[in-house]
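What follows is the residue order along each chain.
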Amino acid sequence: MGCNYYCHSISQRLPRFISYTPIPIPSLRSPISPFRRRQLRSFAISAAGGSSFTWNDVLQLPESPQNDSSTLSAFFDKIKLCNRNLEKQSEFMPFVMEDQTIGYVHHVFADYLKPFQNVFIFPQNNSSQYCTLHPNLRTPEDRTKAVANVVKSLGELIPGIRNELYPVVSSFGEPVFFSLERAAAPYFGIKAYGIHMSGYVEKNDQKFLWLAKRSATKSTYPGMLDHLVAGGLPHGISCWENVVKECKEEAGIPRSISRQAVPVGAVSYVDIEGYRMKRDVLFCYDLKLPAEGFVPRNEDGEVESFRLVPVTQVANVIRSTSFFKANCNLVIIHFLFRHGYIRPEEFGYLRLLQSLRSGCCS
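Parameters and conventions
Residues numbered from 1 in each chain as written. Predicted model: local features only at pLDDT ≥ 70, side-chain atom pairs only at ≥ 80, totals over all residues. Heavy atoms only, no water. Helix = DSSP H or I, 4+ residues; strand = E, 2+ residues; numbered from the N terminus. Buried < 20%, exposed > 50% of the residue type's maximum accessible area, 1.4 Å probe, protein only. Contact = heavy atoms within 4.5 Å. Areas by Shrake-Rupley, 256 points an atom, 1.4 Å probe, with all protein chains shown as cover. pLDDT = per-residue confidence, 0-100. Phe/Tyr/Trp six-rings, centres within 6.5 Å; stacked < 30°, edge-to-face > 60°. Polar contact = N/O pair within 3.5 Å; in protein donor to acceptor, adjacent residues only side chain to side chain. Disulfide = S-S within 2.5 Å. Salt bridge = Lys/Arg side-chain N within 4 Å of Asp/Glu carboxyl O.

The next point concerns the overall build of the chain. Scanning the chain for helices and strands turns up twelve helices and 15 strands. A total of 362 residues make up the chain; the buried ones form 53% of that total. Within the chain, contacts between residues separated by at least 24 positions form 72% of all contacts whose residues are at least 6 apart in sequence. Total accessible area on the chain stands at roughly 16,900 Å², and carbon and sulfur atoms take up 51% of it.

Attention shifts here to the confidence of the model for the chain. With 84% of its residues at a pLDDT of 70 or more, the chain has an overall mean of 87. Residue range residues 38–47 is modelled with pLDDT below 50. Its contacts to residues more than four positions away, or to other chains, number 18 contacts.

This paragraph deals with helix α10 (residues 311–320). Burial analysis of α10 places eight of its ten residues in the buried class, which makes it a mostly covered element. Among the residues of α10, Val 311, Gln 313, Val 314, Ala 315, Asn 316, Val 317, Ile 318 and Arg 319 are the ones counted as buried. On its buried face, α10 sits against α3 (55–59), α4 (71–81), β10 (206–214), β11 (225–227), β15 (303–310) and α11 (326–338).

One non-glycine residue, Asn 163, lies in the positive phi region at around 55 degrees. In this fold, Asn 163 is placed in the loop between α6 (140–154) and β7 (165–168). For Asn 163, a relative accessible area of 73% puts it in the exposed group. Its identity as a non-glycine residue notwithstanding, Tyr 221 has a phi of 50 degrees, on the positive side. Assignment of secondary structure puts Tyr 221 in the loop between β10 and β11.

Moving on: the packing of aromatic side chains. Applying the stated criterion across every chain yields a total of 14 aromatic pairs. Measuring from ring centre to ring centre gives 4.1 Å for Phe 53 and Phe 323, while their planes differ by 15 degrees; the resulting arrangement is stacked. In this pair, Phe 53 sits in the loop between α2 (34–46) and α3 while Phe 323 sits in the loop between α10 and α11, placing the two residues 270 residues apart along the sequence. For the pair Phe 53 and Phe 323, one class covers both residues: buried. A centroid spacing of 6.3 Å and a plane angle of 55 degrees characterise the contact between Phe 95 and Phe 120, whose relative ring orientation is tilted. Of this pair, Phe 95 sits in strand β1 (residues 92–97) while Phe 120 sits in strand β3 (residues 120–121), and the two are 25 residues apart along the sequence.

Let us now look at the side chain of His 227. Looking at the element boundaries, His 227 is found in strand β11. In terms of polar contacts, His 227 uses its side chain to reach the side chain of His 196, at 3.1 Å. Ignoring sequence-local partners within four residues, the contact set of His 227 consists of His 196, Met 197, Ser 198, Ala 212, Cys 328, Val 331 and Ile 332.

All right, on to the state of the cysteines then. Evaluated as defined, the whole model comprises zero disulfides. Here Cys 328 stays unpaired: no disulfide links it, and the sulfur of Cys 82, its closest cysteine neighbor, is 8.8 Å away. Taking relative accessible area as the criterion, Cys 328 reaches 0% and is therefore assigned buried.

Moving on: the pattern of salt bridges. Under the defined criterion, the tally for this structure stands at 16 salt bridges. Of the charged contacts, one joins Lys 207 and Glu 202 as a salt bridge, the two residues approaching to 3.8 Å between their closest N and O atoms. Lys 207 sits in the buried class, given a relative accessible area of 19%. For the salt bridge of Lys 248 with Glu 299, the shortest nitrogen-to-oxygen distance reads 3.3 Å. Here Glu 299 lies in the loop between β14 (276–288) and β15 and Lys 248 lies in helix α8 (residues 239–251), a separation of 51 residues in the sequence. Residue class for Lys 248 comes out partly exposed when judged on its relative accessible area of 42%. Take Glu 299: its relative accessible area is 38%, and that puts it in the partly exposed class. Three or more residues are tied together by salt bridges with common partners; here these are Arg 84, Asp 271, Glu 273 and Arg 276.

Pasting the structure below:
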């Protein structure tokens, strides 16, 4: 799906809202049936992912022939893993602020929000319903606090709370309407931004990528392969500052080296699972690392171990396995394009390149 659905603005002015009458914030008990509550909880759990394999499985994987006609087909399959169930977009209503669509809320999840009438309201626009915040929440600070109270009240329905805030915007760099708990972002369908850095080494006329294996105790995608450095983009920090910070925390890379990271583009995707719409934009960075004398060292406990792997073998792992955290596949395929491992002579070249921005990249 292209950007048309995700980037549109409400063309007509929103109706004036009725005057505000405060009501107490309801408890977690809601009019939703216990079955629906269990169903929503099961969707949340399934999103955690995970895998079990060793570095030997990665390094000893037989390499597929370079002229294998299925090479790009396998890459397409990995991109589809980040862009699932797009035909279910009609199950979501727009989340609107000041005539701008900032997210999407599933109609069933909206039922959990409707009791919080002093925070969320659901007006009609022609024949369609949309979600917005109560007009008495006038400042970003008021909105952030009110929505945070709702997220807290929903408890187990939004698992994995990180106490990390994401900015809620219509597009990158635009004014921030409010900030939202990271774990709640896909339940409100907001755009979430992140940075992924490919740390590579050149030696003996060959390129290698440093890969990380996520800690088995991570709440999401435990034990899977990841980039050397990657992370969400919290409120109040620039992409470059975040790269430097994550380099230090995740791989022990000193600022003297990490400041040489080069921005090289972005990828985007839209993934629908249950009542969650994950709309991510990942800013891609490359960092050429010393061939000798550098070994990554994790400092935040989120990485189990690192290995230096030939780029051709990394490509083979993507084609042949599900070892990587899904969105890492997109960034590495982007790296393969830029470093000449995928060439225009291969059938599907331009379509694959275009598919790396299947979400609204704005």
